[in-house]
Amino acid sequence: MKNLINILDLSVEEIDSLIKVADDIIADPEKYNEVCRHKILATLFFEPSTRTRLSFESAMLSLGGQVLGFSEASSSSAAKGESVADTIAVVSGYADIIAMRHPKEGAPHVALTRSTVPIINAGDGGHFHPTQTLTDLLTISHEKGRLNNLKIGVCGDLKFGRTVHSLIAAMSRYTGIEFVLISPVELKLPSFVKKDYIKDKGIPYYQSTNLDDVIGDLDILYMTRVQRERFFNEEDYLRLKDSYILTEEKMKKASPDLRVMHPLPRVNEISTAVDSDPRACYFKQARYGKFIRMALIMDMLGVTV
Ligand code: CP
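In short, a report on the structure. (Residues numbered from 1 in each chain as written. Predicted model: local features only at pLDDT ≥ 70, side-chain atom pairs only at ≥ 80, totals over all residues. Heavy atoms only, no water.)

1. As for the overall build of the protein
If you tally the helices and strands in the protein, you get 11 helices and nine strands. A globule of 305 residues ought to have a C-alpha radius of gyration of about 19 Å, and the protein, at 19 Å, matches this closely. In the protein, buried positions account for 55% of the 305 residues. Look at the contacts in the protein between residues 6 or more apart in sequence, and 74% of them connect residues 24 or more apart. Accessible area for the protein stands at about 12,800 Å²; split by element, carbon and sulfur atoms hold 49% of it. (Helix = DSSP H or I, 4+ residues; strand = E, 2+ residues; numbered from the N terminus. Rg over C-alpha atoms; globule rule 2.2 N^0.38 Å. Buried < 20%, exposed > 50% of the residue type's maximum accessible area, 1.4 Å probe, protein only. Contact = heavy atoms within 4.5 Å. Areas by Shrake-Rupley, 256 points an atom, 1.4 Å probe, with all protein chains shown as cover.)

Next up, the structure:
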């Protein structure tokens, strides 16, 4: 049985294959209308979401399947004290596949111990978010035409930003990758991510606190939100939340071939004036999330056209 907890659970070849299927879905969606008929996806979201939950649900409905689940812990029996393990043991009797998001790092590993159906990690605390990374890879592949030979700047909350952790882990397996890590000192990339996926692999990188200094060198700028929900005190959040704001002025220093990505939601870190810049592709990125999740659901259920 396949599960997806960490993006590295998928080989580069498996990711290539998912991207190919997603491309085919984009080209001919009707071909996939009924492939998951009579299959049920459960979306168990113990933490808020717009894109991940709704794109998973839209993906399953577009494959002809059905969905059930909850969008907040307070509307599930977690509010009465039920454990993740017990919730999963029960829901795996109601669904063929489960996508779950939880504020605690490692919660999907607990789910694995009790599930009888495939588990997809839809984000665990400040740890990993592998299906966002699949979305990001499909976006990069469309926008840049390649997944290698890229200088990728990741900017903002590199400490708590789980999308950044998964993206770096995934990109570390391609050739010719360089990372530029742009963050305030307090929100630096965790040492386990830097060690395992950058230093130990000999990948060139440099760190900066100043976006203006480095924006001109980048092929991809991956902006992130400062993750208010992971801070221990509001004062620190308020001090750091506007550390980086991408404006039209800053975009003048960037290459015409730069692509600006963001997993969204955006708070204040990209000016809305940048949205109409042809290099901004974050809303396109969100749309791609549905197609790659369709490909993933099919793969994990062993369904083909
Ligand atoms: N990118 C992302 O995970 O968005 P949501 O929190 O809205 O799911």
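2. Section: the nonpolar core
One finds Leu 134, Leu 137, Val 154, Ile 168, Met 171, Phe 179 and Ile 297 to be the most contacted residues of the largest nonpolar core, which totals 61 residues. Per-element tally for this core: the top contributor is helix H11 (residues 282-301), with nine residues. Shared between two domains, this core holds at least three residues of each, these being domain 1 (7-128 + 286-301) and domain 2 (130-283). (Core = buried A, V, L, I, M, F, W, Y, C linked by side-chain atoms within 4.5 Å. Domains from an automatic or database assignment.)

3. Comments concerning the site of the ligand
Around the ligand sit Ser 49, Thr 50, Arg 51, Thr 52, Arg 101, His 129, Gln 132, Pro 263 and Leu 264, and those are all the residues in its vicinity. Within the contact set of the ligand, an oxygen atom lies 2.9 Å away from a side-chain nitrogen or oxygen of Arg 51. Computed on the free molecule, the ligand has an accessible area of 260 Å², of which 92% lies beneath the protein chains in the complex. Here the residues of the shell around the ligand sort into two nonpolar, five polar and two charged. If you count residues domain by domain, the shell around the ligand takes at least three from each of domain 1 (7-128 + 286-301) and domain 2 (130-283). (Near = heavy atom within 4 Å. Polar contact = N/O pair within 3.5 Å; in protein donor to acceptor, adjacent residues only side chain to side chain. Nonpolar A, V, L, I, M, F, W, Y, C, P; charged D, E, K, R; others polar.)

4. What about the pattern of salt bridges?
Under the defined criterion, the tally for this structure stands at 20 salt bridges. The residue Glu 47 makes a salt bridge to Arg 162 at a minimum N-O spacing of 3.0 Å. One end of the pair, Glu 47, is in the loop between strand E1 (40-45) and helix H2 (51-62); the other, Arg 162, is in helix H6 (residues 162-171), with 115 residues separating them in the sequence. Each member of the pair, Glu 47 as well as Arg 162, carries the same accessibility label: buried. Glu 229 is the partner of Arg 225 in a salt bridge, and the nearest nitrogen-oxygen pair spans 2.9 Å. Since its relative accessible area comes to 42%, Glu 229 is described here as partly exposed. A cluster of three or more residues bridged by salt bridges with shared partners is formed by Glu 143, Arg 259 and Lys 284. (Salt bridge = Lys/Arg side-chain N within 4 Å of Asp/Glu carboxyl O.)

5. Topic: the pairing of strand E3 (residues 97-102)
In terms of residue burial, E3 counts as a mostly covered element, since six of its six residues are buried. Residues of E3 alternate between two faces, with Ile 97, Ala 99 and Arg 101 on one and Ile 98, Met 100 and His 102 on the opposite face, all of them buried. Judged from the five bridges that link them, E1 and E3 form a sheet pairing that is parallel. Along E3, the bridge assignment pairs Ala 42 with Ile 98. (Pairing = 2+ DSSP bridges.)

6. Describing the side chain of His 262
Within the secondary structure layout, His 262 lies in the loop between strand E9 (259-261) and H11. Among the residues examined, His 262 registers a relative accessible area of 1% and is labelled buried. Reaching out from His 262, the side chain makes a polar contact with the backbone nitrogen of Leu 264 at a distance of 2.7 Å.

7. Remarks on the environment of Val 303
On the secondary structure map, Val 303 appears in the segment after H11. With 53 residues separating them along the chain, Val 303 and Lys 250 place their C-alpha atoms 46 Å apart. Once residues lying within four places of it in the same chain are set aside, the contact partners of Val 303 are Val 35, Cys 36 and Met 298.

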